[in-house]
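Structure assessment
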Amino acid sequence: MMNIERMIQELKEYEGPELKIMEVCGTHTASIFKSGIRSLISPKLRLISGPGCPVCVTPSSYIDRCIDYAMKDHHVLVTFGDMMKVPGMHGSLSQIKGDGGSVELMYSPLEVTEKARQNPDITYVIAGVGFETTAPSYALTIEEAVREGIRNIRILTALKTVIPALEWICENEDGIGGFLCPGHVSVIIGSAAYGELLHKYNKPFVVAGFEPEHILAAIYDIVRQLRNIKQQDSSVHNLYKNAVRTEGNQKAQKIINHYFEHGDTMWRGLGMIPDSGLYLKREYADYDGGSKGLDQDVQLPRTCRCSDVIIGRANPDECKMFGKTCNPMSPYGPCMVSSEGACGIWYRNIKKGE
Amino acid sequence: MCIAIPGKIVSLDYPKAKADFNGNLVDVNVGLVDTKLGDYVLVHAGCAIEVMAKDKAMELIELFQELEDIT
Ligand code: SF4
């Protein structure tokens, strides 16, 4: 019978060619560190981090637009905490708040409808950052606003979808052997969503949960698939059946498609990816904070390797600024700012280990 | 930021519910899942995105069974 010890032993003794496995999700990166998985498996199995943190891939002109709203009379910018320290061209939301800008934190966009109801003179602009996991909460918020006739809410969307980004990576990076697919994005889109990528690129796509056992099992599955690749094609496997259905959460997909439509969007470090963004449909333009065209980025110092880190071309510690001039207190790139950015996760864990 | 956390539904007035996360009661919108009292739901940004099918121990047993079948 398969068990965790046997799995670890096989992964430790792996002797084949070097294999790169990309974990797409920042929460996977964090869990891999916390559980010390890298030290349990053969160094020939290289776990690399992907673009799986919505904050890290948001361009700086988006932050600037958020700041404009925070400074505007009768406007409040509402955001998840992760966004506070991300640098725009002229500072971050947390600096602006210190300087008297109106910035409030939210646990859920759904709270904002109540605030808006109580303060009809103020327009609440929600910083709508996220992947498919978060998109349904924004859709439910608009649904409630429409139903209740609340008109003083806007969403400044920077919503992104994961499949086009994976496709971009498959097109542009041929060294990646297989993918650990993001568990909670997959709850919404379903494991079947990876079928097209599988068909096109014939690489293993394995949906994984977040416990160390889940992640080890997914790595094991990918290694096994690649070892057998001569005899058979790769597959999409769902190893997180407790939460992820083949078809995903169809109610959530439906409400996303009701309020949002696809459009091109800018990913920091990757560039413009066609159809990878979600924008409010024209019928809901009254609720739109003006999200299109926010694709300018600050010039990061040339030594900052964020764009390589985001696609797994470099590990954070290969950046000359890592831990020295760039650290969570004074971050240069977005990967150091966010709690799920690869550089930030590496920094915190290396410090802990010292 | 895509992390979703399981909480137990302790009161339900569809689509509003309260879920218990280790003793903390939190408002959750359950409009996108079919759930009932006592279920564990995965919650992200105030919204239940799925009902957890089984408890953790059962899940891992099945996970290993599945690997056995795959390999
Ligand atoms: S350590 Fe800082 S400067 Fe280097 S890649 Fe990461 S965010 Fe950029």
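Quick summary incoming for the structure in this document. This one's a predicted model, so the numbers in the text were calculated from it and none came from an experiment.

Reading the values: the criteria
- Residues numbered from 1 in each chain as written.
- Chains lettered and ligands numbered in written order.
- Predicted model: local features only at pLDDT ≥ 70, side-chain atom pairs only at ≥ 80, totals over all residues.
- Heavy atoms only, no water.
- Salt bridge = Lys/Arg side-chain N within 4 Å of Asp/Glu carboxyl O.
- Buried < 20%, exposed > 50% of the residue type's maximum accessible area, 1.4 Å probe, protein only.
- Core = buried A, V, L, I, M, F, W, Y, C linked by side-chain atoms within 4.5 Å.
- Contact = heavy atoms within 4.5 Å.
- Helix = DSSP H or I, 4+ residues; strand = E, 2+ residues; numbered from the N terminus.
- Buried area = accessible area lost by both parts, 1.4 Å probe.
- Polar contact = N/O pair within 3.5 Å; in protein donor to acceptor, adjacent residues only side chain to side chain.
- Nonpolar A, V, L, I, M, F, W, Y, C, P; charged D, E, K, R; others polar.

**Structural notes on the pattern of salt bridges**
Residue and element names in this part refer to chain A. Under the definition given, this model contains 15 salt bridges over all chains. Across the pair Glu 148 and Arg 147 runs a salt bridge, and its minimum N-O distance is 3.8 Å. For Glu 148, a relative accessible area of 40% gives the class partly exposed. Here the salt bridges do not stand alone but share partners, grouping Glu 114, Arg 117, Glu 144, Arg 147 and Glu 148 into one network.

**Regarding the nonpolar core**
Residue and element names in this part refer to chain A. Formed by 110 residues in total, the largest nonpolar core has its most connected members in Tyr 62, Phe 179 and Phe 260. Once residues within four sequence positions are removed from consideration, Phe 260 is found in contact with Ala 135, Tyr 138, Ala 139, Thr 157, Leu 159, Leu 278, Tyr 279, Leu 280 and Lys 281. With 28 residues, the next largest nonpolar core counts Leu 11, Leu 47, Ala 217 and Ile 219 among its residues.

**A short note on helix 8 (residues 162-172) of chain A**
Counting buried residues along helix 8 of chain A, eight of its 11 residues qualify, which places the element largely inside the surrounding structure. Within helix 8 of chain A, burial applies to Val162(A), Ile163(A), Pro164(A), Ala165(A), Leu166(A), Trp168(A), Ile169(A) and Cys170(A).

**What to know about the interface of chain B and chain A**
Across the contact, 36 residues belong to chain B and 46 residues belong to chain A. When chain B packs against chain A, close to 3500 Å² is buried across both sides, 62% of that on carbon and sulfur atoms. On the chain B side of the interface with chain A, the three residues burying the most area are Met1(B), Cys2(B) and Leu32(B), jointly 22% of the side's total. Across the pair Arg245(A) and Glu50(B) runs a salt bridge, and its minimum N-O distance is 2.9 Å. Viewed at the interface, chain A and chain B are joined by nine residue pairs in polar contact (both at pLDDT 80 or more). Going through the elements one at a time, strand 3 (24-29), strand 4 (40-44), strand 5 (47-51) and helix 1 (56-70) of chain B are the ones with two or more residues in the side of chain B that touches chain A. Residues belonging to the side of chain B that touches chain A are distributed by class as follows: 21 nonpolar, six polar and nine charged.

**Quick notes on the environment of Lys160(A)**
All names here are of chain A. Residue placement: Lys 160 occurs in strand 6 (residues 153-160). Using a relative accessible area of 2% as the deciding quantity, one classes Lys 160 as buried. Between the C-alpha atoms of Lys 160 and Val 129, which are 31 residues apart in sequence, the distance is 8.0 Å. When residues no more than four places from it in sequence are discounted, the contact partners of Lys 160 are Val 57, Pro 59, Gly 130, Phe 131, Glu 132, Thr 265, Met 266, Trp 267, Ser 276 and Gly 277. Here the side chain of Lys 160 touches Met 266 through a polar contact of 3.2 Å, landing on its backbone oxygen.

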